[in-house]
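Examining the three-dimensional arrangement
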Amino acid sequence: MPAELIGGLATLQHVRSWVDGAFAHWRNEDAGQTPIGREGIRAFREIFARSFEARPLVAAALEEQETRRLQLTRDQLRVLDFLRHQRRAAVSGGAGTGKTVLAAEKARRLAAEGFRTLLTCYNRPLADHLKAICRETPGLDVLTFHQLCYRMIERAKQAGGIDPIEEAKARYPGQNYFDVLMPEALAQAALVVPDRYDAVVCDEGQDFKDDYWMPLEFVLSDPERGPFYVFYDDNQNLYAGAGRLPVAAAPFALTTNCRNTVPIHEAAYRHYDGEPVDPPRNAGPAVATVEGPGRDAQARRLHARVVDLIAREAVTPGRIVVLVADSERKQEHFDELLRLPLPQPARWRKSEDGPAGEHDVRLDTVSRFKGLEAPVVFLWSLDELDPANRRELLYVGISRAQSALYAVGNRSALDAALGPRPGRAAPGQDTAPHRDRRPPGARETTAILEPTVSVL
């Protein structure tokens, strides 16, 4: 059709102008011409008024959902107002409730108030993400727990001439290097390193083992009263971490999902146990499945879906992540995809090869990607999940998707991943009131979609 006759979103803002333009297009300035008449109207209808369906590109839907999600996240930041007068607090919440956003913002606010602040977590990819979003905040260090250990141990060697690691080895011979020796060395290093932190914020605290907390308190200038905040979700405890937290008060509970769409929330929370989490109001497409009998067939069909998203749906490659649930066989899965080309300039990129750019479709594992999120996620290797942590892997993997989720596997694996857990009601069938099922002592601090926040 001629462009003057096509009405789109921008056209609808100025309908009169568009109608006038359409009449002008057909108006014949030659006074000798006669009107098109009934036959002309019939021909016009057949040529230009055929019924057809136009759907928005996936890229456009992603943008719309992101706009809503950002607003919800800003609303969630009001929770921090309730923490201003709490020097130590634990904040719990399911996947998507905004824990990482709140942790980063709390750390930035502490630094802006003059506190030399440490923002720490367990996972390196999450630390890299937090470092990127906090890079312009003076007085704020972002380190994984073990990066902190390395830094403090080296400073202790320079400041006091001691080697905390060797002392830890002598004190605990044969013990695990990362889980016992390094925390012990950090505690020893904190005794001789003069510069300390005024405040500590810990994200994904469920990953921290009991032996990590005391050394973290030692890096505070005031170990007993220094501000200390822990954000955690026991359902994401893939590393068999924290049994206790260094906060005596009852946790603040975040109870509304502000990351996912409704279908993704429902799929993820089939595998969740704990404080009830209200679904988001961000509608989205149903969870899609990519079915194949084996790894090779699944890889080819996954690749075809990715190509379609990039080439036909205008999705930026950097917004797509492929997560492998089976970490032990990740390389075999990656190799299947690496031999399949993507439309230029898109390319596959393994996360260990460095940060992904806008042209990179990221390849990672569920365990490494914990704490992060992406607009489009392909969750793969569902056929080979370890029964010991199958529930946690599904919960974490599914909940990484913000707007679109593709589950990849054979039919039985897909049914097991997306169907109700045995002996548990499907979402929407649980009739017990949410507010009556909070853990004893937990306080609700969010009402994301309400104009005010209530403390119960």
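Residues numbered from 1 in each chain as written. Predicted model: local features only at pLDDT ≥ 70, side-chain atom pairs only at ≥ 80, totals over all residues. Heavy atoms only, no water.

1. Overview of the overall build of the chain
Filter applied, for reference: For helices the rule is a DSSP run of H or I covering at least 4 residues; for strands it is a run of E covering at least 2, with both sets numbered from the N terminus onward. Exposure categories follow from relative accessible area, calculated using a 1.4 Å probe and restricted to protein chains: below 20% of the type maximum is buried, above 50% is exposed, and the middle band is partly exposed. Residues count as neighbours in contact if any of their non-hydrogen atoms are within 4.5 Å of one another. Using a 1.4 Å probe, accessible areas were evaluated by the Shrake-Rupley method; residue-level cover was limited to the displayed protein chains.
When its secondary structure is counted, the chain shows 14 helices and 13 strands. A burial count over the chain gives 48% of its 456 residues as buried. Of the contacts made within the chain by residues no fewer than 6 positions apart, 73% connect residues no fewer than 24 positions apart. Looking at the chain as shown, the accessible area adds up to about 22,200 Å², and 52% of this sits on carbon and sulfur atoms.

2. As for the sheet that holds strand β11 (residues 374-380)
Note: strands within a sheet are paired through backbone hydrogen bonds, in either parallel or antiparallel orientation. Quick reminder of the rule: Strand pairing requires that DSSP identify at least two bridges connecting the strands. Axis angles are defined between N-to-C directions and span 0 to 180 degrees, where every axis is a line fitted to C-alpha atoms and, for a helix, only to the segment in contact.
Taking strand neighbours across the sheet as the criterion, the 6 strands line up as β7-β12-β11-β8-β10-β9 in an open arrangement whose pairing is parallel. Edge positions in the sheet fall to β7 (288-291) and β9 (347-350), since each has one partner strand and no second. Shown here is a sheet whose adjacent strand axes are inclined to one another by a mean of 25 degrees, direction ignored. When strand β8 (residues 320-324) meets β11, the two strands line up parallel, connected through 5 bridges. Following the sheet pairing, Val 321 is matched in β11 by Val 377. On top of the sheet, helix α11 (residues 295-311) reaches β7, β8, β9, β10 (360-365), β11 and β12 (401-409); it is set at about 165 degrees to β11, its chief contact. Most of the contacts of helix α14 (residues 411-418) go to β7, to which it runs at about 155 degrees, and overall it touches β7 and β12.

3. Focus on the side chain of Asp 364
We count it as follows: Contacts described as polar in this section are N or O atom pairs within 3.5 Å, which, within protein, must combine one atom able to donate a hydrogen with one able to accept it, while residues neighboring in sequence count only if both atoms come from side chains.
Tracing the chain through its elements places Asp 364 in strand β10. Among the polar contacts listed, one links the side chain of Asp 364 to the side chain of Arg 368, at a separation of 3.3 Å. In this structure, Asp 364 is in contact with Val 322, Leu 323, Val 324, Phe 334, Ser 351 and Phe 369, ignoring residues within four places of it in sequence.

4. Details of the confidence of the model for the chain
Operational definition: Within a predicted model, pLDDT stands for the predictor's per-residue confidence, ranging from 0 to 100.
Taken over all residues, the pLDDT of the chain has a mean of 85, while the share at 70 or more is 88%. Below a pLDDT of 50 lies the segment residues 427-456, which in the model reaches 63 contacts outside its immediate sequence neighbourhood of four places, other chains included.

5. Brief notes about unusual backbone geometry
Cis peptide bonds are those with omega within 30 degrees of zero, and the linkage from Gln 344 to Pro 345 qualifies with 5 degrees. Within the fold, Pro 345 resides in the loop between α12 (330-338) and β9. Its identity as a non-glycine residue notwithstanding, Ser 381 has a phi of 65 degrees, on the positive side. As for its position among the elements, Ser 381 is in the loop between β11 and α13 (390-399).

6. Regarding the layout of surface pockets
Gaps left between atoms are located by rolling a probe of water-molecule size over the structure's atoms. Put simply, the test is: Only protein atoms enter the 1 Å grid, on which a cavity is a set of points fitting a 1.4 Å probe that cannot get out and a pocket is an open set with protein on both sides within 12 Å along at least 5 of 7 lines, lining residues being those with an atom within 4 Å of a point. Grid points are joined across faces, edges and corners, and a volume is the space filled by probe spheres set on the points. Gly is put with the polar residues, along with every residue not named as nonpolar or charged; the nonpolar set is Ala, Val, Leu, Ile, Met, Phe, Trp, Tyr, Cys and Pro, and the charged set is Asp, Glu, Lys and Arg.
Counted as a void, the largest pocket has a volume near 1,300 Å³. At the level of elements, α3 (58-76), α4 (99-112), α5 (124-133), β9, β10 and β11 are the ones that each hand at least two residues to the lining of the largest pocket. Looking at the lining of the largest pocket, its residues break down into 15 nonpolar, 13 polar and 20 charged.

7. Here we look at a nonpolar patch on the surface
Defined as follows: Without a salt bridge and with relative accessible area above 30%, a residue can belong to a patch; like charges are then joined within 9 Å and nonpolar side chains (Val, Leu, Ile, Met, Phe, Trp, Tyr) within 5 Å. A pairing counts as a salt bridge when a side-chain nitrogen of Lys or Arg comes within 4 Å of a carboxyl oxygen of Asp or Glu.
Side chains of Leu 12, Val 15, Val 19 and Phe 23 sit close together on the surface and give an oily, nonpolar patch of about 370 Å² of accessible area. Within the element layout of this structure, Leu 12 appears in the segment before α1 (15-26). Using a relative accessible area of 52% as the deciding quantity, one classes Leu 12 as exposed.

8. A few points about the environment of Gly 21
Structurally, the position occupied by Gly 21 is in helix α1. Take Gly 21: its relative accessible area is 29%, and that puts it in the partly exposed class.

9. Regarding the state of the cysteines
Here is the rule we go by: Note that a disulfide, as used here, is simply two cysteine sulfur atoms within 2.5 Å.
If you walk through the whole model with that rule in mind, you get 0 disulfides. Cysteine Cys 121 is unpaired, with the sulfur of Cys 202 as its nearest cysteine sulfur at 7.8 Å.

10. Digging into the packing of aromatic side chains
As a reminder, the rule being used: By convention, a stacked pair of Phe, Tyr or Trp rings (six-membered ring in the case of Trp) has centres within 6.5 Å and planes under 30 degrees apart, an edge-to-face pair has planes over 60 apart, and any other such pair is tilted.
Using the criterion set out here, one finds 11 aromatic pairs in the structure. Centre to centre, the rings of Phe 44 and Phe 48 are 5.2 Å apart; their planes meet at 45 degrees, and the pair counts as tilted. Here Phe 48 and Phe 44 lie together in helix α2 (residues 37-48), a separation of 4 residues that amounts to about one turn. Owing to a relative accessible area of 32%, Phe 44 belongs among the partly exposed residues under this scheme. Their ring planes at 5 degrees and their centres at 4.1 Å tell us that Phe 145 and Tyr 212 sit as a pair that is stacked.

11. What to know about helix α7 (residues 164-171)
Note the threshold: Here the arc refers to the set of directions running from the helix axis out to each C-beta atom.
Among all positions in α7, only Pro 164, Ile 165 and Ala 168 are buried. For α7, the angular spread of buried residues about the axis comes to 100 degrees, placing them on one side. Buried positions along α7 lie against α6 (145-160) and α8 (177-192).

12. Some points on the environment of Ala 249
Examined against the element boundaries, Ala 249 turns out to sit in the loop between β5 (228-232) and β6 (252-254). Spatially, the C-alpha atoms of Ala 249 and Ala 89 are 6.8 Å apart, while their sequence positions differ by 160 residues.

13. Digging into the pairing of strand β3 (residues 140-144)
For clarity, the threshold we go by: Look down the strands so they point away from you; if going from the first strand over the helix to the second traces a clockwise path, that crossover is right-handed.
By the criterion of burial, β3 is predominantly enclosed, with 4 of the 5 residues buried. Here strand β2 (residues 117-121) runs beside β3; their pairing, made up of 5 bridges, is parallel. Bridging across to β3, Thr 117 finds its partner in Leu 140. This β-α-β element, β2 to α5 to β3, shows right-handed connectivity.

14. Some remarks on the nonpolar core
A general feature of soluble globular proteins is that nonpolar side chains tend to end up buried together. Cut-off, in case you're wondering: Joining through side-chain atoms within 4.5 Å is the link that ties buried Ala, Val, Leu, Ile, Met, Phe, Trp, Tyr and Cys residues into a set, and such a set is a nonpolar core.
Counting 56 residues, the largest nonpolar core has Leu 119, Val 201, Leu 382 and Ile 398 as the members making the most contacts within it. Discounting residues that sit within four places of it in the chain, Ile 398 has contacts with Ile 264, Ala 267, Ala 268, His 271, Leu 379, Leu 405 and Ala 417. The next biggest cluster of nonpolar side chains, apart from the first, holds 31 residues, and it includes Cys 149, Val 200, Trp 213 and Phe 228.

15. So, the packing of α7 against α8
Convention followed: If an angle is under 35 degrees, it is roughly parallel; if it is over 145, roughly antiparallel; if it lies from 65 to 115, roughly perpendicular; otherwise it is oblique. Helix crossings fall into two classes, left-handed where the near helix is turned counterclockwise from the far one by less than a right angle and right-handed where it is turned clockwise.
Interaxial distance between α7 and α8 falls to 8 Å at its minimum, and their mutual angle equals 120 degrees. Classified by the angle their axes make, α7 and α8 are oblique. Here α7 runs over α8; the crossing is right-handed. Residues Pro 164, Ile 165, Glu 167, Ala 168, Lys 169 and Arg 171 of α7 touch α8, and the partners they reach there are Tyr 177, Leu 181, Met 182, Glu 184, Ala 185, Gln 188 and Ala 189.

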